[in-house]
Amino acid sequence: MQGIRNGLLLVNTGSPASTETADVRRYLRQFLSDPRVIDLPGPLRWGLVNLIIAPFRAPKSAEAYKKVWTSEGSPLLVHGRALQKALAAELGPEWQVELGMAVGEPSLERGLDALRSCGRIVLAPLYPQYAGATTGSILDLSLHTLAKRVNVPILQVLPSFYAEPAFIRSVVEVARPHIQEFQPDTLVYSFHGLPESQVKASGAAEGRRCLEGDCCSLPSAHCYRQHCLTTARLLEAELGPGVIAFQSRLGRARWLEPSLEQVLKDLATRGSKKVAVLAPSFVADCLETLEEIGQRGAELFREMGGEELRMIPAVNAHPSWTGGLAELVRKVGGG
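Before going into details, it helps to say that this report is about the structure given with it.

Definitions and limits used
- Residues numbered from 1 in each chain as written.
- Predicted model: local features only at pLDDT ≥ 70, side-chain atom pairs only at ≥ 80, totals over all residues.
- Heavy atoms only, no water.
- Pairing = 2+ DSSP bridges.
- Helix = DSSP H or I, 4+ residues; strand = E, 2+ residues; numbered from the N terminus.
- Axes fitted to C-alpha atoms, helices over the stretch in contact; angles between N-to-C directions.
- Contact = heavy atoms within 4.5 Å.
- Phe/Tyr/Trp six-rings, centres within 6.5 Å; stacked < 30°, edge-to-face > 60°.
- Buried < 20%, exposed > 50% of the residue type's maximum accessible area, 1.4 Å probe, protein only.
- Bend = angle between axes of the 7 residues up to and from the residue.
- Parallel < 35°, antiparallel > 145°, perpendicular 65-115°, else oblique.
- Left-handed = near helix turned anticlockwise from the far one by under 90°.
- Nonpolar A, V, L, I, M, F, W, Y, C, P; charged D, E, K, R; others polar.
- Expected span 1.5 Å × (residues − 1).
- Arc of directions from axis to C-beta.
- Polar contact = N/O pair within 3.5 Å; in protein donor to acceptor, adjacent residues only side chain to side chain.

**Concerning the sheet that holds strand β2 (residues 95–103)**
On the basis of which strands lie adjacent, the open sheet formed by four strands has the order β2-β1-β3-β4 and parallel pairing. Looking at the sheet topology across the chains shown, the edges are occupied by β2 and β4 (154–157). Pairwise comparison of adjacent strand axes, ignoring direction, gives a mean angle of 25° for this sheet. By the bridge criterion, eight bridges tie strand β1 (residues 6–14) to β2 in an arrangement that is parallel. Pairing of glycine 14 across the sheet is with valine 103, part of β2. Sheet strands touched by helix α1 (residues 21–32): β1 and β2. Its angle to β2, the strand with the most contacts, is close to 95°. Running at roughly 135° to strand β3 (residues 120–125), helix α11 (residues 319–333) makes contact with β1, β2, β3 and β4 of the sheet.

In structure tokens form, the structure reads like this:
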């Protein structure tokens, strides 16, 4: 590793080891046991995850994963490895690029270990918009892991890039040809959902009263909904106006509205026939984009009277995103 100045760790949530129910159950238990993901007192969270969610959700999730699994593993992992390889070529020999997952393999800890000889590490959580359950959790895990070392490297963190021109430009370059070819009558900008309680807690920590009045029109370093609305506004300026929705809700708590499911129902009943969906809170296609939207969402839309739903691909390892992310990484880490 001599001559390598910088290390770059790309981090995403992760996937189960396989589509077997036992592996999916293990993945759900690890993922949902994070207090930043389910913000309940420890004993309540343990009971909810281990006695209710994991046992009953794992078989259904396993079947969903089977619909999108590839010969090389989960789509999230396949696209992550492709991005890792492309970025290594883009950044050159002065950078060592590794991939780590918060849950599953390759683990975040293993990624940091692979960068042990690097005196400086850029940590890149692959979430455009900040949320405590994603970026916050990654930072928490990374700092706890590095704190155990004798030699702690200089750690620099790629900030949330929800409004960065390099990211917006990449989404537009990937999406525009699909939109021009498909000619939808409606665009939907779908973001991963978040419980309202987490959004309000994040705002309260900044002295804000989230989800009240025009709060989300004010800039914020940590407001997930404000970040989502900003991303949508910037994309609308390039791709055209659309409907904003939030997907992937879990449990009975109140989540950000409107839900993607309700939006698709409303569009179909109002006569919309061709809908294109972008999911700009994901930089890699995964279960949530390919199965939840591309398959179940499309089926729901047809059942309600629509004709076709087209899922626009994520930026994945597209050259525009590889170059854009390299630009952002250099801005943080130099070189």
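So that's the structure; there's more coming.
**Side note on the sheet that holds strand β8 (residues 308–311)**
Ordered by their spatial adjacency, four strands build an open sheet running β6-β5-β7-β8, and the pairing between neighbours is parallel. Each edge of the open sheet is held by one strand with a lone partner, namely β6 (243–247) and β8. Across the sheet, the mean angle separating the axes of adjacent strands is 30° when strand polarity is ignored. Note that strand β7 (residues 274–278) and β8 share four bridges and pair parallel. Paired with alanine 276 across the strands is arginine 310, a residue of β8. Taken strand by strand, helix α9 (residues 260–269) contacts β5 (186–192), β6, β7 and β8, and its axis lies near 140° from that of β6.

**Thoughts on the packing of aromatic side chains**
A ring pair, where both rings are aromatic, is described by two values, the distance of the centres and the angle of the planes. Going through the model one piece at a time under the given rule, you end up with six aromatic pairs. Judged by centre distance (5.9 Å) and plane angle (80°), the ring pair of tyrosine 65 and tryptophan 69 falls under edge-to-face. We classify tyrosine 65 as buried; its relative accessible area is 9%. You can call tryptophan 69 partly exposed: its relative accessible area is 25%. Seen from their ring centres, phenylalanine 167 and tryptophan 321 are 5.7 Å apart, and the 70° between their planes marks the pair as edge-to-face. You can see phenylalanine 167 sitting in helix α6 (residues 165–182) and its partner tryptophan 321 sitting in helix α11, a full 154 residues away along the chain. By relative accessible area, which is 0% here, tryptophan 321 ends up buried.

**Some words on helix α10 (residues 287–303)**
Along α10, the largest kink reaches about 30° and is centred on glycine 297. When we look at burial in α10, the residues that qualify are Leu287, Thr289, Glu291, Glu292, Ile293, Gly297, Ala298, Leu300 and Phe301. If you follow the buried residues of α10, they end up packed against α2 (42–68), β5, β6, α9, β7 and β8.

**Some details on the environment of isoleucine 154**
Tracing the sequence through the fold places isoleucine 154 in strand β4. Classification of isoleucine 154 by relative accessible area gives exposed; the value is 53%. Considered as a pair, isoleucine 154 and valine 172 are 18 residues apart in the sequence and their alpha carbons are 34 Å apart.

**Some remarks on the packing of α6 against helix α8 (residues 224–239)**
It is at 10 Å that the axes of α6 and α8 come closest, and there the two elements cross at 45°. Between α6 and α8, the crossing angle belongs to the class labelled oblique. With respect to the hand of their crossing, α6 and α8 are arranged in right-handed fashion. Two secondary-structure elements touch here, α6 through Phe167, Ile168, Val171, Val172, Ala175, Arg176 and Ile179 and α8 through Thr231, Leu234, Leu235, Glu238 and Leu239. Within the contact of α6 with α8, the residues separate by chemical class into nine nonpolar, one polar and two charged.

**Focus on α1**
Along its twelve residues, α1 runs 16 Å from first to last C-alpha, staying within 8% of the 16 Å computed at 1.5 Å per residue. For α1, the full list of buried residues reads Asp23, Val24, Tyr27, Leu28 and Leu32. One face of α1 carries all of its buried residues, which in axial projection span an arc of 145°. Residues of α1 that are buried in the fold lie against β1, α2 and β2.

**A short note on the environment of aspartate 285**
Positionally, aspartate 285 belongs in the loop between β7 and α10. Sequence separation between aspartate 285 and serine 74 is 211 residues; the distance between their C-alpha atoms is 9.7 Å. Discounting chain neighbours no more than four positions away, the residues touching aspartate 285 are Pro75, Leu76, His79, Leu290, Pro313, Ala314 and Asn316. Within the local environment of aspartate 285, its side chain forms a polar contact with the backbone nitrogen of alanine 314, the two atoms lying 3.1 Å apart.

**Structural notes on the side chain of glutamine 226**
Within the secondary structure layout, glutamine 226 lies in helix α8. For glutamine 226, a relative accessible area of 6% puts it in the buried group. What glutamine 226 contacts, discounting residues up to four positions off in sequence, is Tyr162, Cys216, Leu218, Pro219 and Ser220.

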